[in-house]
Structures are given as C-alpha cells and as structure tokens.
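Secondary and tertiary structure notes
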Amino acid sequence: MTAPDPESTSGTSMISVQSVDKHFGPLHVLKDITLEVPRGQVVVVLGPSGSGKSTLCRAINRLEPIDSGRIAIDGKPLPAEGKDLARLRADVGMVFQSFNLFAHKTILENVTLAPVKVRKTPAAEARKTAMELLERVGIAAQAEKYPAQLSGGQQQRAAIARALAMRPKVMLFDEPTSALDPEMVQEVLDVMTGLAAEGMTMVVVTHEMGFARKAANRVVFMADGEVVEDTTPEEFFTAPKSVRARDFLGKIL
Ligand code: ADP
Ligand code: MG
C-alpha cells in the first residue's frame, strides 16, 4: 500500500518551506530549512530527540512563529495572523502524540465542532460527514462516548477523524503512536497508511520504521535543526550517507 508516485502529478508544492530559521532564545532550533512537498507525497521525518522535528511541524501551521524564511500551503503564503490564518490553518490537519480531544465532549461532537464553527458547515451535514469519517477509522460505534471511555488507539483514530473533518489539504502527524500501548500502534498506522494510499499529502514524524519503509515516498532526516539527509526510504535505510544518520539508525534498528 505505497502512496501514488507524486512525481506523476504535476503542479506546485503542496507544502513549501523555504530557508526557514527559528530560535528559542540562544537555541538555533531550525537552521535554514528548505522542504518542498509535492501534492500527494508522504514524507517521513526522522531524527534524534531535540532535532527540531516538532518545531518544524508546528511552524508549518503557524502554531510556532518563525524568525525568517517563507512557508506556503498550496501556493498560498502563511499569513501571520487573523481570519486568513484560521482559514489556512484549517487546510492543515495536525495530529499530535497526545490526542488532544475535548474531554467533556463526545467523540461525535469532537469531530463536528470545528467544521461547524470554522467552516460554517450546517450541523446535520457535519454530523453525516463525521459519522462517515468515524466509520472510515473504525470507531463509528464509539460516536456517543466520551474520550476517556475509549482506548488510546481509538482516541488517536478519533483525533485523525477530527482533523480530516476539516477537509485538510495536508496532514501533519507528530509522533502519533508514541504515547500508545504497543498493541494499539498498528491500528493507527493502518489508518495513516490508508490515507497515504488515497493520495493525502502527509508529513509524518515517527519512529515507526515499518511505516517509513512501506508508506513513505521520502525520508527527511534531521539533526541539530538541520536537514541532514533527504532521500528515498530505500536509500536511507540501506545506504545512509551521513555519520549522524548511520548513528541514529544504529540506535533504533
Ligand atoms: P524534536 O521534536 O525533534 O524532539 P523539538 O522541535 O521539540 O525537537 O525541539 C527542538 C529543540 O528546541 C529542543 O532542544 C527543545 O528543547 C527546544 N524547544 C522546543 N520548544 C521550545 C520552547 N517552547 N522553548 C524553548 N525551547 C524549546
Ligand atoms: Mg518532537
């Protein structure tokens, strides 16, 4: 279930990150990052803890402001703030390590909330779409339950459904399976693999090497705020070029 070859679909980048720099005080956390992601491509971002992977994801939808450089989604530059930002952010779905569901709302309410509030989707239509999405991620039976009544894997699948309900052009996943019990990892990866196969443009930070090998078109390896390698999964896993990548692979494989 590899994603369709993005090279075959022409057009501009779906995600364009150009010469982005970011500091946290004295810490230079993103160093001149450039990353062009074509429509439909699945990019797995790998790298040691602290290398800037989460900051990059957060910069892509402006949860984190950048010091310099440019970021555009589907050809549209990211505005700094205001209504335009809310609209653009709606194009970028994000799934985090912690599920971030609203605890006092049902699963169905979690999924319908943003479409109704931000996209102004009529409630009945939002519910219909939400049920289809919950069906797709395999938790339609849990629609009326509260997050705490679900397993971690189910909650993460609900979080994916919630992000998809906004009909995003891009999905960012930041270690979506890291907080899960091992037996629940695969059910979440299966949903992600399905999305990839359907042509969703995805950036996935993960330590799941099976997913990287099977579902990714491209591996970006980061270390110390830099993109150190940017290549195919096959190339990266069989013939990593840098010492840092070899060192990293030696520790996790
Ligand atoms: P990764 O996701 O690759 O583990 P992060 O992007 O989370 O890396 O963090 C990169 C570096 O930036 C780390 O050294 C981290 O401690 C630091 N950092 C992240 N967020 C903040 C913040 N809000 N304030 C200060 N330092 C931060
Ligand atoms: Mg991180």
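Residues numbered from 1 in each chain as written. Chains lettered and ligands numbered in written order. Predicted model: local features only at pLDDT ≥ 70, side-chain atom pairs only at ≥ 80, totals over all residues. Heavy atoms only, no water.

What about the overall build of the protein?
What the protein contains, in helices and strands, is nine helices and 10 strands. For the protein, the C-alpha radius of gyration of 18 Å lies close to 18 Å, the compact-globule estimate for 253 residues. Projecting the C-alpha coordinates of the protein onto the three principal axes gives extents of approximately 50 × 40 × 40 Å. Counting all 253 residues of the protein, 53% fall into the buried class. Here the protein displays about 11800 Å² of accessible surface, and carbon together with sulfur accounts for 52% of that area. For the protein, the separation between the mean place of its 30 positive charges and that of its 31 negative charges on side chains is 6 Å. (Helix = DSSP H or I, 4+ residues; strand = E, 2+ residues; numbered from the N terminus. Rg over C-alpha atoms; globule rule 2.2 N^0.38 Å. Buried < 20%, exposed > 50% of the residue type's maximum accessible area, 1.4 Å probe, protein only. Areas by Shrake-Rupley, 256 points an atom, 1.4 Å probe, with all protein chains shown as cover. Lys, Arg positive; Asp, Glu negative; His and termini not counted. Charge placed at Lys NZ, Arg CZ, Asp CG, Glu CD.)

What to know about the sheet that holds strand 7 (residues 170-174)
Across the sheet, which stays open at both edges, the six strands sit in the order 6-7-8-3-9-10 with mixed pairing between neighbours. For this open sheet the edge positions go to strand 6 (92-95) and strand 10 (226-231), each flanked by a neighbour on one side alone. Neighbouring strand axes in the sheet, compared pairwise and without regard to direction, differ in orientation by 20 degrees on average. As paired strands, strand 3 (residues 42-46) and strand 9 (residues 218-223) are joined by four bridges and run parallel to one another. Opposite Leu46, over in strand 9, you have Phe221 as the bridge partner. Running over the sheet, helix 9 (residues 243-252) touches strand 3, strand 9 and strand 10 and is turned about 100 degrees from strand 9. (Pairing = 2+ DSSP bridges. Axes fitted to C-alpha atoms, helices over the stretch in contact; angles between N-to-C directions. Contact = heavy atoms within 4.5 Å.)

Brief notes about the site of ligand 1
In the vicinity of ligand 1, the contacting residues are Phe24, Leu27, Val29, Pro48, Ser49, Gly50, Ser51, Gly52, Lys53, Ser54 and Thr55. One of the backbone nitrogen or oxygen atoms of Gly50 is found 2.7 Å away from an oxygen atom of ligand 1. Ser51 has a polar backbone atom sitting 3.1 Å from an oxygen atom of ligand 1. Breaking the shell around ligand 1 down by element, the ones donating at least two residues are strand 2 (27-38) and helix 1 (53-60). For the shell around ligand 1, the element with the highest residue contribution is helix 1, accounting for three residues. The residue makeup of the shell around ligand 1, split by class, is four nonpolar, six polar and one charged. (Near = heavy atom within 4 Å. Polar contact = N/O pair within 3.5 Å; in protein donor to acceptor, adjacent residues only side chain to side chain. Nonpolar A, V, L, I, M, F, W, Y, C, P; charged D, E, K, R; others polar.)

A closer look at the packing of helix 3 (residues 107-117) against helix 4 (residues 123-136)
Where helix 3 meets helix 4, the closest approach of the two axes is 9 Å, and the angle between their N-to-C directions is 130 degrees. Classed by the angle they form, the pair helix 3 and helix 4 counts as oblique. The element helix 3 and its partner helix 4 pack so that their crossing is right-handed. Contacts from Ile107, Leu108, Val111, Thr112, Pro115 and Val116 of helix 3 reach helix 4 at Ala123, Ala126, Arg127, Ala130, Met131 and Leu134. For the contact of helix 3 with helix 4, the residue count by class is 10 nonpolar, one polar and one charged. (Parallel < 35°, antiparallel > 145°, perpendicular 65-115°, else oblique. Left-handed = near helix turned anticlockwise from the far one by under 90°.)

Nothing here speaks to function; it is geometry throughout.
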